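Fold and geometry: a report
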Amino acid sequence: RAEARRNRGNEAVLRALSSIAAGDAAGADAHARLARRQTGDAPLALYVAGEAARLNGRHEEADQHFAALARHPHAGFLGWRGLLHHNGRNGAAEAAQLQAREAAHAYPGSAWLRSQRVLIAAREGKYADAARLTTEPRARAALAIMASRTATDRRLAIDWAREAVKRAPDLAPAHAALADAYRAAGRTRAARRSLIQGWR
């Protein structure tokens with residue numbers, strides 16, 4: 001009986017995953033509920049229940065499922081990812097930062113998590129932090145331009161603009177940002193030189 005129950009639960013999880021992938025909110029909900037009835041707080045049942053609740057717009061319920069999943073020793077990252085997905089998009093910056101740290105402990109080196117941390121930092125206007133986190137050259141250049149424009153220290157503004165030019169030498173706004181940073185620091189000759197080099 002226990003084995004039959006597990007099999008029914010596993011089948012319900014698979015059906016729920018298929019419904020989630022297809023965007024079938026009602027089907028995902030029905031199969032996720034069946035999975036929970038058959039397997040209780042098994043990690044995959046919690047995961048599909050959280051995703052189904054989110055698909056149906058019940059974000060508080062989704063967070064409860066993902067929070068329970070986050071406590072699981074082997075599947076904790078899935079729970080933190082679910083929580084971070086919600087809070088990162090809703091602008092809950094403080095909660096998202098905390099969940100990002102916990103997710104990093106649960107699964108160090110995650111490329112997905114790094115990209116989420118870049119988005120969170122950029123949404124908060126912390127462009128220097130976002131630029132340090134990203135590894136893609138043109139994205140780093142774009143973020144470095146913003147870090148230069150928002151820097152309160154003129155030396156840092158120049159350094160970030162130089163970083164933008166280094167990462168994407170064919171990007172016109174990077175050269176413009178460097179010229180602006182030089183000009184703001186009173187270095188008009190350097191500003192003119194940087195524009196000529198950029199044009200070339």
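Below: a short report on this structure. Just so you know, these numbers come straight off a predicted model, no measurement behind them.

1. Re the overall build of the protein
- On a plain count of helices and strands, the protein comes out with 12 helices and 0 strands.
- Beginning at the N terminus, the succession of helices and strands in the protein can be written as α-α-α-α-α-α-α-α-α-α-α-α.
- In terms of C-alpha radius of gyration, the protein reaches 23 Å, well past the compact-globule figure of 16 Å for 200 residues.
- Along the three orthogonal principal directions, the C-alpha set of the protein runs to about 80 × 30 × 25 Å.
- Within the protein, the fraction of its 200 residues that count as buried is 39%.
- Sequence separation of 24 or more characterises 38% of the internal contacts of the protein that already satisfy a separation of 6 or more.
- Carbon and sulfur atoms provide 52% of the accessible area of the protein, an area that totals close to 11600 Å².

2. Here we look at a positive patch on the surface
- Side chains of Arg162, Arg187, Arg189 and Arg193 sit close together on the surface and give a patch of like positive charge.
- Counting through the fold element by element, Arg162 comes out in helix 10 (residues 154-167).
- The exposure class of Arg162 is partly exposed, given its relative accessible area of 35%.

3. Remarks on the packing of helix 11 (residues 172-184) against helix 12 (residues 188-199)
- Where helix 11 contacts helix 12, the axes come no closer than 8 Å and their chain directions differ by 170 degrees. Considering their axes alone, helix 11 and helix 12 lie roughly antiparallel with respect to each other. Residues His175, Ala176, Leu178, Ala179, Tyr182 and Arg183 of helix 11 lie in contact with helix 12, whose contacting residues are Ala190, Ala191, Ser194, Leu195 and Gly198.
- Among the residues forming the contact of helix 11 with helix 12, the class breakdown is 7 nonpolar, 3 polar and 1 charged.

4. Some remarks on the packing of helix 2 (residues 25-39) against helix 3 (residues 43-55)
- The interhelical angle for the contact between helix 2 and helix 3, taken along N-to-C directions, is 150 degrees, at an axis separation of 8 Å. It follows from the interaxial angle that helix 2 and helix 3 lie roughly antiparallel. In this structure, helix 2 crosses over helix 3, and the sense of that crossing is left-handed. Counting all contacts with helix 2, which are made through Ala25, Ala28, Asp29, Ala32, Ala35, Arg36 and Thr39, the residues of helix 3 involved are Ala45, Leu46, Val48, Ala49, Ala52 and Leu55.
- For the contact of helix 2 with helix 3, a count of residues per class yields 10 nonpolar, 1 polar and 2 charged.

5. Observations regarding the pattern of salt bridges
- For the coordinates displayed, the defined rule picks out 13 salt bridges.
- The salt bridge partner of Arg58 is Asp29, with a shortest N-O separation of 2.8 Å. Taken as a pair, Arg58 in the loop between helix 3 and helix 4 (59-70) and Asp29 in helix 2 lie far apart in primary sequence, 29 residues in all.
- Judged by its relative accessible area of 24%, Arg58 falls in the partly exposed class.
- Arg132 is the salt-bridge partner of Asp129, the closest N and O atoms lying 3.1 Å from each other.

6. Quick word on helix 9 (residues 137-150)
- If you check helix 9, its first and last C-alpha atoms are 20 Å apart, about what 14 residues at 1.5 Å a residue would give, namely 20 Å.
- By the burial criterion, the buried members of helix 9 are Arg140, Ala141, Leu143, Ala144, Ile145, Ala147 and Ser148.
- Buried residues along helix 9 sit in contact with helix 7 (111-123), helix 8 (127-133), helix 10 and helix 11.

7. So, the environment of Phe66
- Looking at the element boundaries, Phe66 is found in helix 4.
- Measuring from C-alpha to C-alpha, the distance between Phe66 and Leu46 comes to 7.0 Å, with 20 residues separating the pair along the chain.
- Contacts of Phe66, omitting those with residues within four sequence positions, involve Tyr47, Gly50, Glu51, Arg54, Leu78, Gly79, Gly82 and Leu83.

About the cut-offs
- Sequence order as written defines residue numbering, which begins from 1 separately in each chain.
- Only residues with pLDDT of at least 70 get local features here, since the model is predicted, and only at 80 or more are side-chain atom pairs given and counted; chain-wide, interface and lining totals rely on the full set of residues.
- Side-chain numbers here rest on the full set of heavy atoms in the structure, without hydrogens or water.
- Numbered from the N terminus, helices here are DSSP runs of H or I no shorter than four residues, and strands are runs of E no shorter than two.
- Computation of the radius of gyration draws on C-alpha atoms alone. For the globule rule, the value is 2.2 Å times the number of residues to the power 0.38.
- The classification of residues rests on relative accessible area computed with a 1.4 Å probe and restricted to protein chains. Under 20% of the type maximum is buried, over 50% is exposed, and intermediate values are partly exposed.
- Whether two residues are in contact is decided by their heavy atoms: any pair within 4.5 Å suffices.
- Computed with a 1.4 Å probe, the accessible areas rest on the Shrake-Rupley method; for each residue, only the protein chains presented here act as cover.
- Like charges are joined within 9 Å and nonpolar side chains (Val, Leu, Ile, Met, Phe, Trp, Tyr) within 5 Å, but only among residues with over 30% relative accessible area and no salt bridge; these make up the patches.
- Salt bridge, as used here, is a side-chain nitrogen of Lys or Arg placed within 4 Å of a carboxyl oxygen of Asp or Glu.
- In summary, the charge assignment counts Lys and Arg as positive and Asp and Glu as negative, without counting His or the chain termini.
- By convention, the charge on Lys lies at NZ, on Arg at CZ, on Asp at CG and on Glu at CD.
- Convention adopted: a line fitted to C-alpha atoms gives each axis, helices being fitted over their contacting stretch, and angles between N-to-C directions are expressed from 0 to 180 degrees.
- For classification purposes, angles smaller than 35 degrees are called roughly parallel, those larger than 145 roughly antiparallel, those between 65 and 115 roughly perpendicular, and all remaining angles oblique.
- As a working rule, the residues Ala, Val, Leu, Ile, Met, Phe, Trp, Tyr, Cys and Pro are called nonpolar, Asp, Glu, Lys and Arg charged, and the rest polar, with Gly in that last group.
- The sense of a crossing depends on the near helix, which, turned anticlockwise from the far helix by less than a right angle, makes the crossing left-handed and, turned clockwise, makes it right-handed.
- Each helix should span, by expectation, one fewer than its residue count multiplied by 1.5 Å.

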